[in-house]
Amino acid sequence: MDLKRHVPNFITLLNLLSGSIAVIFAVQGSLIMAALFVALGIFFDFFDGLAARALDVKSEVGLQLDSLADAVTSGVVPGIVMYQMLNIALPNTSSGTSTDWNVDDTFMEWNFNNLALIGLLIILASAYRLAKFNVDDRQTDSFIGLPTPANALLILSLPLILSFQPGEIVSSLILNEWFLIGLTLLSCYLLNAEVKLFALKFSDWSFTNNKLRYIFILLCLILVILLQFAAIPVIIISYVLLSLIFGDQKKVLE
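Not measured: the values here are computed from a predicted model. (Residues numbered from 1 in each chain as written. Predicted model: local features only at pLDDT ≥ 70, side-chain atom pairs only at ≥ 80, totals over all residues. Heavy atoms only, no water.)

Hey, could you run me through the overall build of the protein in this one?
Along the backbone of the protein there are nine helices and two strands. For the protein, the sequential pattern of α-helices and β-strands runs α-α-α-α-β-α-α-α-β-α-α. A fraction of 76% describes how many contacts in the protein between residues 6 or more apart in sequence connect residues 24 or more apart. With the model as given, the accessible surface of the protein reaches about 14,200 Å², and the carbon-plus-sulfur share is 69%. (Helix = DSSP H or I, 4+ residues; strand = E, 2+ residues; numbered from the N terminus. Contact = heavy atoms within 4.5 Å. Areas by Shrake-Rupley, 256 points an atom, 1.4 Å probe, with all protein chains shown as cover.)

I tried to follow helix α1 (residues 7-28) on my own but got confused; where do I start?
Compared with an ideal rise of 1.5 Å per residue, which puts 22 residues at 32 Å, α1 spans 32 Å between its outermost C-alpha atoms and is within 8% of the ideal. Where α1 is buried, its residues touch α2 (31-55) and α3 (60-89). (Expected span 1.5 Å × (residues − 1).)

Any chance you could explain the packing of aromatic side chains here in plain terms?
All told, the structure shown has eight aromatic pairs when counted by the stated rule. Here Phe-164 and Phe-229 contribute two aromatic rings whose centre-to-centre distance is 5.3 Å and whose plane-to-plane angle is 35°, an arrangement assigned as tilted. Of the two residues, Phe-164 is situated in helix α5 (residues 148-164) and Phe-229 in the loop between α8 (211-227) and α9 (231-246); the sequence distance between them amounts to 65 residues. Both rings, one in Phe-198 and one in Phe-216, keep their centres 5.5 Å apart while their planes meet at 80°; by these two values the pair is edge-to-face. Pair noted here: Phe-198 is in strand β2 (residues 196-198) and Phe-216 is in helix α8, with a separation of 18 residues, a long-range link. The burial state of Phe-198 is the same as that of Phe-216; both residues are buried. (Phe/Tyr/Trp six-rings, centres within 6.5 Å; stacked < 30°, edge-to-face > 60°. Buried < 20%, exposed > 50% of the residue type's maximum accessible area, 1.4 Å probe, protein only.)

How do you make sense of the packing of α3 against helix α4 (residues 121-135) when you look at a structure like this?
Packed helix pairs are specified by the crossing angle of their axes together with the interaxial distance, meaning the distance between the axes. Across the interface, α3 lies against α4 with an axial gap of 8 Å and an inter-helix angle of 160°. Comparing the axis directions of α3 and α4 gives the class roughly antiparallel. As for the relative orientation of α3 and α4, their crossing is right-handed in sense. Contacts between α3 and α4 involve Leu-63, Gln-64, Ser-67, Asp-70, Ala-71, Ser-74, Gly-75, Val-76, Pro-78, Gly-79 and Met-82 from the former and Ile-122, Ile-123, Ser-126, Leu-130, Phe-133 and Asn-134 from the latter. Residues that form the contact of α3 with α4 fall into these classes: nine nonpolar, seven polar and one charged. (Axes fitted to C-alpha atoms, helices over the stretch in contact; angles between N-to-C directions. Parallel < 35°, antiparallel > 145°, perpendicular 65-115°, else oblique. Left-handed = near helix turned anticlockwise from the far one by under 90°. Nonpolar A, V, L, I, M, F, W, Y, C, P; charged D, E, K, R; others polar.)

Help me out: how do you make sense of the environment of Ala-89 in this one?
Within the fold, Ala-89 resides in helix α3. Put simply, Ala-89 and Leu-175 are 86 residues apart on the chain and 5.0 Å apart in space, counted from C-alpha to C-alpha. When residues no more than four places from it in sequence are discounted, the contact partners of Ala-89 are Leu-175, Asn-176, Glu-177 and Leu-180.

Mind showing me how you'd approach the nonpolar core here?
Note that soluble globular proteins tend to have their nonpolar side chains buried in a common cluster. The biggest cluster of nonpolar side chains holds 55 residues, and the ones touching the most others in it are Val-77, Val-81, Met-82, Met-85 and Leu-146. For Val-81, the contacting residues outside a window of four places in its chain are Ala-26, Leu-31, Ile-155, Leu-156 and Pro-159. (Core = buried A, V, L, I, M, F, W, Y, C linked by side-chain atoms within 4.5 Å.)

Can you walk me through a nonpolar patch on the surface in this structure?
A cluster of nonpolar side chains, contributed by Leu-218, Ile-222, Ile-225, Leu-226, Leu-227 and Val-234, occupies part of the molecular surface with about 560 Å² of accessible area. Considering every element that reaches the nonpolar patch, the biggest residue donor is α8, with five residues. Relative to the helices and strands, Val-234 is located in helix α9. (Patch = residues over 30% accessible without salt bridge, like charges linked within 9 Å, V, L, I, M, F, W, Y side chains within 5 Å. Salt bridge = Lys/Arg side-chain N within 4 Å of Asp/Glu carboxyl O.)

Okay, here's the thing in structure tokens:
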């Protein structure tokens, strides 16, 4: 039995496990812990592909399993987190930070604003983006639309900023329901936009062939040092802008 062909799938399953734990935390309203396990899942997601290429054991099962894991870690979790953020921001709702599993005669009552369900659109858009990725042969050395892990980091940066870099202006912006609804819709659009974005895949380590990637990595390091968690949305925006400015600026057609 060739064990090495199972190594990438095992790493992918660790991604799925991390995402499943993050779902539990997100449902309970523990958004910081949810962000931590999503970051762990994205870490595994990065290395399962590296392992598959290094061991030369890429498979169709691995491709499908990877998307299923990403659907949970980078789709379901950010959707629930956005729902929780909207449930907090919208008026006349509970805090959205606890869940009562007891069944009684009030089981038909909803303790959240129905508008908060808009956050779950992120789950649908992420699933659709992942399904398209699996059947799209144009995304071998670049991405079309924002990758789901990048989108997940964008959404999960919000509770991190609120918790570790609080400020009156920042908090009022992040907890503004219209900002959150707008970000949700923008997120869904970016995930499935016919826009070509560069991938951080190195075919070699030369600066000439990877100039844009090295510049982006350096920019990320500088932003993280200066802005900490607030750097995450700036990095995602910079990633899209750099792709549009220095990459193929034409929309990718069907």
